[in-house]
Each structure stands twice: as structure tokens, then as C-alpha cells.
Amino acid sequence: MFIPAIKGQGTEEQQKKWLPMAYRMQIIGCYAQTELGHGSNVQGLETTATFDPETDEFIINSPTLTSSFIVQLRSLDDHLPLPGITVGDIGMKFGNGAYNTMDNGVLRFDHVRIPRDQMLMRVLQVTREGTILQSDVPRQLLYGTMVYVRKTIVDDASSALSRAVCIATRYSVVRRQFGSQNRRETQVIDYRTQQSRLFPLLASAYAFRFVGEWLNWLYTDVTKRLQANDFSTLPEAHACTSGLKSLTTSVTADAIEECRKLCGGHGYLCSSGLPELFAVYVPACTYEGDNIVLLLQVARFLMKTVAQLPSGKLPVGTTAYMGRVEHLLQCSCDVKKAEDWLKPSVIVEAFEARSARMSVACAKRLSEFSNSEEGFMELSSDLVSAAVAHCQLIVVSKFFEKLQQDIPGEGVKQQLEVLCGIYALSLLAKHLGDFLSTGSIAPKQGSLANDLLRSLYSQVRPNAVALVDAFNYTDHFLGSVLGRYDGNVYPKLYEEAWKDPLNETVVPDGYHDYIRPLLKQQVRTSRL
């Protein structure tokens with residue numbers, strides 16, 4: 001974050017000064033934005049930067065630092081903290097190794113003085129006299145970096161989820177439990193309970209990959225528009241990337257844990273690769289925007305979109321469906337038999353109707369409050385649900401759009417169509433209450449969707465291993481005994497067990513001091 005901050009917020013002169021030193025590792029920088037008492041509420045930071053015109057310096061004073069200044073923390077000679085600086089590591093975090101390799105720090109300033117030109121002034125400037133000037137560089141340009149970071153996070157979600165699903169799928173084929181007498185035990189993957197938990201996660205991994213590809217296009221489009229001073233799509237792009245960051249990271253974190261459970265007791269072993277993957281990944285739900293806070297930002301955008309509909313201003317991008325809100329509020333689902341749910345138009349319209357109706361309902365309730373902010377606080381749970389519905393619609397739509405493209409490989413497109421159906425209908429089943437309460441579908445249609453879902457599980461089962469092999473992960477990259485490509489799980493599990501430090505000696509440490517006396521009843525009775 002140190003170098004991107006200088007690139008995004010520094011003037012050309014400041015970039016020429018600081019970037020070469022950073023690239024050559026002559027200086028090592030960090031990015032400090034949050035405080036112990038402030039995270040998402042950046043505007044509430046207590047850090048102050050007071051300009052002293054007599055010395056042409058800023059005086060930094062607070063528990064931590066905002067992102068607008070470059071402050072030297074340590075001596076370049078002996079690495080000791082400079083006067084007024086208190087700096088250290090924030091402490092151990094969740095996981096064995098995991099995110100503890102990330103050096104999150106604690107930082108305090110006690111009236112630390114820095115030259116005025118160490119305020120990054122690409123967007124906002126302070127003159128020698130202390131006058132604040134807005135530069136001719138639009139502050140909206142900073143949104144390009146935000147879109148880039150969040151699209152990268154969605155790509156990471158797809159990667160982490162596909163790794164977990166690869167491990168769980170391969171092990172579910174190897175593992176056998178129960179079955180008929182006088183017959184070989186049944187592969188765990190053939191149980192419907194395993195399929196109904198695993199295959200929607202497999203479908204999600206592909207869905208997130210495709211929506212990530214679309215976000216790459218969005219980033220390119222936003223960048224071109226910003227360079228042309230066209231900021232018309234920025235609000236929608238901001239809401240879209242905020243929502244998808246929240247949705248994909250939350251789903252992936254939960255999915256990795258679910259994959260661990262799908263691997264039974266062996267999934268809890270570090271050698272399964274899943275505990276470490278979870279510990280490494282789960283911070284993504286918090287960094288670059290707390291997921292619930294981001295969904296509330298999406299909800300604000302949706303409420304603004306609904307409020308502007310009477311003016312005739314047509315929504316754009318991922319909210320374009322809101323332009324058909326009158327139809328979506330009145331339409332009824334056409335499904336009469338299970339196979340009708342195979343039609344992309346039927347699924348997409350059901351998701352559009354659900355999202356539009358939830359957003360309009362929230363907007364109507366908000367209008368009943370005299371104070372809109374109080375109403376937003378009161379209805380925040382409903383607003384989050386509306387935001388989730390909108391984001392799920394985006395992913396479903398982009399999956400179907402991917403299927404409109406030419407996809408090479410015999411039978412590949414057909415398998416992706418099956419996965420798309422599983423993704424959409426498993427969401428429908430999970431959020432059936434939303435679809436029913438909004439009248440987007442009828443109860444019987446929900447039951448038919450579930451019937452088709454079971455049929456789709458049967459269709460994906462023969463190709464489940466091939467679908468995770470397609471991720472092309474090496475055994476070294478997976479780092480999992482359970483997810484080995486060759487399926488040679490149990491001998492390797494036994495081999496890994498003997499690498500445990502507890503197995504370095506046949507007789508465990510402490511036996512002679514504690515366990516043997518207990519077994520021989522030589523424990524002394526306390527005088528107390």
C-alpha cells in the first residue's frame with residue numbers, strides 16, 4: 001500500500017522524490033490508516049495534522065496516522081524510532097502462521113514535525129501561507145485504484161475457494177464410508193448430503209472466476225473513462241465493486257470452513273491444508289472495507305437509484321434492470337415444470353424481481369421516517385439483505401453472459417451450464433424466504449427448483465474431479481495431503497503424522513516426571 005499511495009496521491013515531483021528510493025529499497029514504507037478505536041469510519045480518525053506556517057511544517061499528533069502524509073518513523077542509520085515515535089507489532093493474530101506473517105503494527109505520534117512537502121498533494125494542496133487549494137486533478141481519479149484493489153480481491157476469492165473445493169472434492173472421492181453389506185463402502189461424494197454441500201461451492205468457484213473476469217473489463221472501462229474526465233459510471237462502479245468484494249469474500253471464508261467439515265476429522269489436520277488456508281484468507285472479510293459496511297454502501301446506492309426512478313433517469317450498468325421496475329414489481333414466474341428452471345431468462349428475471357422488490361420495499365419504509373439517517377439505522381438489516389440480493393443477481397447474470405461466449409473443448413460448455421444452474425438454484429433454495437415473501441416465485445415453483453437441483457447434482461457428479469483438475473493446481477501449490485492429484489492419501493497421511501515433533505521420541509517428554517509416578521501411585525500427598 002505504501003507505493004500505490006504515493007502513486008495515487010503524490011504529485012509528479014513527490015513521486016520522483018520518493019518512488020525511486022522505495023523501488024531501490026533505500027526506504028521501507030508502510031500504510032497506516034486505521035486507529036485502535038476507528039476502522040471503517042475513516043472520517044472519525046483522531047489523528048491531527050496541524051500546519052505551522054512559521055516553520056513550514058505539519059505537527060502530527062494522535063494514536064496513529066492518516067494516509068495523506070509521509071512520515072519518517074525510524075533512523076536510516078541505526079533503525080531506531082525517531083523522537084516522538086512509538087512503533088511496534090500489533091500482536092499475535094488468528095492462525096498458526098497464516099496472517100501472522102503480515103506485519104500489522106501499532107504506531108503513536110507525539111507532536112512529530114514533518115516538512116510541508118511531505119503531505120501528498122496530488123488532489124489537495126496546502127500553500128506556504130497555509131491556504132488550502134484544490135488541485136486541477138479530479139479526486140475521482142483515486143477511484144481507479146479502488147476498483148483495481150477490489151477486483152484483485154474478487155480474483156483472490158475465486159483462487160482460495162477453488163483450492164478448498166479441489167481438496168474437498170478429491171478427498172470426497174477417495175474417502176469411503178458405510179454402504180450395503182458384502183459390498184465395498186460408498187464413496188462419500190456419492191451421498192446426496194455431501195453433494196448438496198460441495199457442488200454449490202464448486203459452482204461458486206467458477207462463478208467468482210467469471211465475475212472476476214468481468215471486473216477486469218470494468219476496471220479497464222473505468223480507467224478509460226476517468227482519463228477522459230467521464231465520471232458518469234463511477235457511483236455504479238463503486239457500489240458494484242464494494243458489493244462483490246463483500247459477497248465473494250464472505251462466501252469464500254464460509255466455504256473454506258465448510259470444505260474442512262466435508263473432509264471429516266482429517267480436514268482438521270494441518271496437513272489437509274484447509275486450516276491454514278482459512279486462517280490466511282479470513283482477514284479478507286475485514287480489510288479493504290468491512291463486509292457489512294460495504295453492503296450498507298451498496299444499499300445507499302440502491303436507495304438513491306430507486307429514488308431517481310420517477311425522474312426518468314435510467315439506471316446504468318448492473319442496476320439497468322431497475323429501469324424495468326414496474327414490470328418486475330408485477331410479473332409472475334412462468335415455471336410450470338422443473339425443466340423450466342433451465343431457461344436463463346426465467347432464472348434471471350426471478351433474481352431481478354426479488355432484488356427490485358426488496359429494494360423498493362426498503363425505500364418505501366425509509367420514506368416513512370422523518371429522519372432518513374435514523375431510518376437507515378433502523379432498517380439496516382433489511383438494507384443489507386437487499387444489497388446481497390443485488391450482488392447475487394450480478395454474479396448470476398455474469399455467469400450466464402459467460403455462457404453466451406464461444407467456449408472451446410467438447411462438452412465443456414454443457415458442464416458450465418450445469419454449474420451455472422447449480423449456482424443459481426442453490427442460491428434460490430438458500431434464500432427461498434426472500435423469493436417467496438416478495439412473491440417473485442410461488443411455493444410450488446420453489447419445490448420444482450429443488451427437484452431440478454438434485455438432477456443437476458447427478459449430472460455434475462461424473463465430472464466433479466475433472467472440474468477441479470481444470471484449476472490446474474499442483475500438489476505443491478495446494479499443500480494438502482487430502483487433495484493429492486494421485487489420490488494416494490492414506491499412506492501420505494501416515495507419513496505426515498511422523499513429522500510431528502511429538503513423535504521425535506518414543507517416550508514423550510514429561511513421562512518420567514509426571515505420568516510414571518501417577519501410574520506407579522508414587523504421587524505425594526500435599527500437606528495442605
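Caption draft 1: Here's a closer look at the overall build of the protein. The helix and strand inventory of the protein stands at 18 helices and eight strands. With respect to the principal axes defined by its C-alpha atoms, the protein has extents near 90 × 85 × 55 Å. Surface accessibility of the protein: about 28600 Å² in total, with carbon and sulfur atoms responsible for 53%. When the 53 positive and 56 negative side-chain charges of the protein are each reduced to one mean point, those points stand 6 Å apart.

Caption draft 2: Structural detail: the pattern of salt bridges. Tallying each qualifying case throughout the model produces 22 salt bridges. Its salt-bridge partner being Arg116, residue Asp56 comes within 2.5 Å of it at the nearest N-O pair. On the criterion of sequence distance, the pair formed by Asp56 in the loop between β1 (48-52) and β2 (57-62) and Arg116 in the loop between β4 (105-115) and β5 (124-126) is long-range, its members being 60 residues apart. By relative accessible area, which is 19% here, Arg116 ends up buried. Between Asp451 and Arg454 there is a salt bridge, and its shortest N-O distance comes to 2.7 Å. Highlighted residues: Asp451 and Arg454, both in helix α14 (residues 443-460), separated by three residues, approximately one helical turn. For Asp451, a relative accessible area of 31% corresponds to the partly exposed category.

Caption draft 3: Quick look at the nonpolar core. If you look at the biggest cluster of nonpolar residues, it comprises 121 residues, and the most contacted ones within it are Tyr206, Leu244, Trp341, Phe399, Leu419, Ile422 and Tyr423. When residues in this core are grouped by element, the largest group, 16 residues, is from helix α4 (residues 192-227). The contacts of Tyr423, once residues within four sequence positions are left out, are Ala203, Ser204, Ala207, Phe208, Val395, Val396 and Phe399. With 15 residues, the next largest nonpolar core counts Phe58, Val112, Ile114 and Met121 among its residues.

Caption draft 4: Layout of the packing of α4 against helix α5 (residues 234-262). Where α4 contacts α5, the two axes come as close as 10 Å, and the packing angle between them is 155°. Taken as axis vectors, α4 and α5 run roughly antiparallel relative to one another. Like other packed secondary-structure pairs, α4 and α5 cross with a definite hand, here left-handed.

Caption draft 5: The arrangement of the side chain of Ser172 in detail. In this fold, Ser172 is placed in helix α3 (residues 142-174). You can call Ser172 buried: its relative accessible area is 1%. Discounting chain neighbours no more than four positions away, the residues touching Ser172 are Gln187, Val188, Ile189, Gln194, Leu198 and Leu262.

Caption draft 6: Expanded view of the confidence of the model for the protein. Overall, the prediction assigns the protein a mean pLDDT of 89, with 93% of residues at 70 or greater. Low pLDDT, under 50, characterises residues 63-67; the predicted model gives this stretch 25 contacts beyond four residues in sequence or across chains.

Caption draft 7: How the structure looks around the packing of aromatic side chains. In this structure the tally under the stated criterion is eleven aromatic pairs. Between the aromatic rings of Tyr206 and Phe471, the centroid separation amounts to 5.1 Å while the plane-to-plane angle is 35°, which identifies the pairing as tilted. A residue pair is termed long-range when its members are at least 10 positions apart, and Tyr206 in helix α4 and Phe471 in the loop between α15 (464-469) and α16 (475-478) qualify at 265 residues. The class of Phe471 is buried, set by a relative accessible area of 7%. Summarising the aromatic geometry, the rings of Phe351 and Phe435 are spaced 5.1 Å apart at their centres and angled 75° between planes, so their arrangement reads as edge-to-face. Remark: Phe435 occurs in helix α13 (residues 432-437) and Phe351 occurs in helix α9 (residues 344-367); sequence separation between them is 84 residues. Here Phe351 falls in the buried class, since its relative accessible area comes to 0%. An aromatic cluster is defined as three or more aromatic residues linked by ring pairs; in this entry it consists of Tyr206, Phe210, Phe399, Phe471, Tyr473 and Phe477. Directly above the aromatic system of Phe376 lies the positively charged group of Arg300, at a separation of 4.0 Å from the ring centroid.

Caption draft 8: Looking closely at the packing of α5 against helix α11 (residues 380-403). Between α5 and α11, whose axes approach to 9 Å, the crossing angle comes to 90°. The pairing of α5 with α11 is recorded here as roughly perpendicular in orientation. For the pair formed by α5 and α11, the contact residues are Cys240, Gly243, Leu244 and Leu247 on the first element and Cys391, Gln392, Ile394 and Val395 on the second. Taken together, the residues of the contact of α5 with α11 break down into six nonpolar, two polar and no charged.

Criteria and cut-off values
Residues numbered from 1 in each chain as written. Predicted model: local features only at pLDDT ≥ 70, side-chain atom pairs only at ≥ 80, totals over all residues. Heavy atoms only, no water. Helix = DSSP H or I, 4+ residues; strand = E, 2+ residues; numbered from the N terminus. Areas by Shrake-Rupley, 256 points an atom, 1.4 Å probe, with all protein chains shown as cover. Lys, Arg positive; Asp, Glu negative; His and termini not counted. Charge placed at Lys NZ, Arg CZ, Asp CG, Glu CD. Salt bridge = Lys/Arg side-chain N within 4 Å of Asp/Glu carboxyl O. Buried < 20%, exposed > 50% of the residue type's maximum accessible area, 1.4 Å probe, protein only. Core = buried A, V, L, I, M, F, W, Y, C linked by side-chain atoms within 4.5 Å. Contact = heavy atoms within 4.5 Å. Axes fitted to C-alpha atoms, helices over the stretch in contact; angles between N-to-C directions. Parallel < 35°, antiparallel > 145°, perpendicular 65-115°, else oblique. Left-handed = near helix turned anticlockwise from the far one by under 90°. pLDDT = per-residue confidence, 0-100. Phe/Tyr/Trp six-rings, centres within 6.5 Å; stacked < 30°, edge-to-face > 60°. Lys NZ or Arg CZ within 6 Å of the ring centre and 35° of its normal. Nonpolar A, V, L, I, M, F, W, Y, C, P; charged D, E, K, R; others polar.

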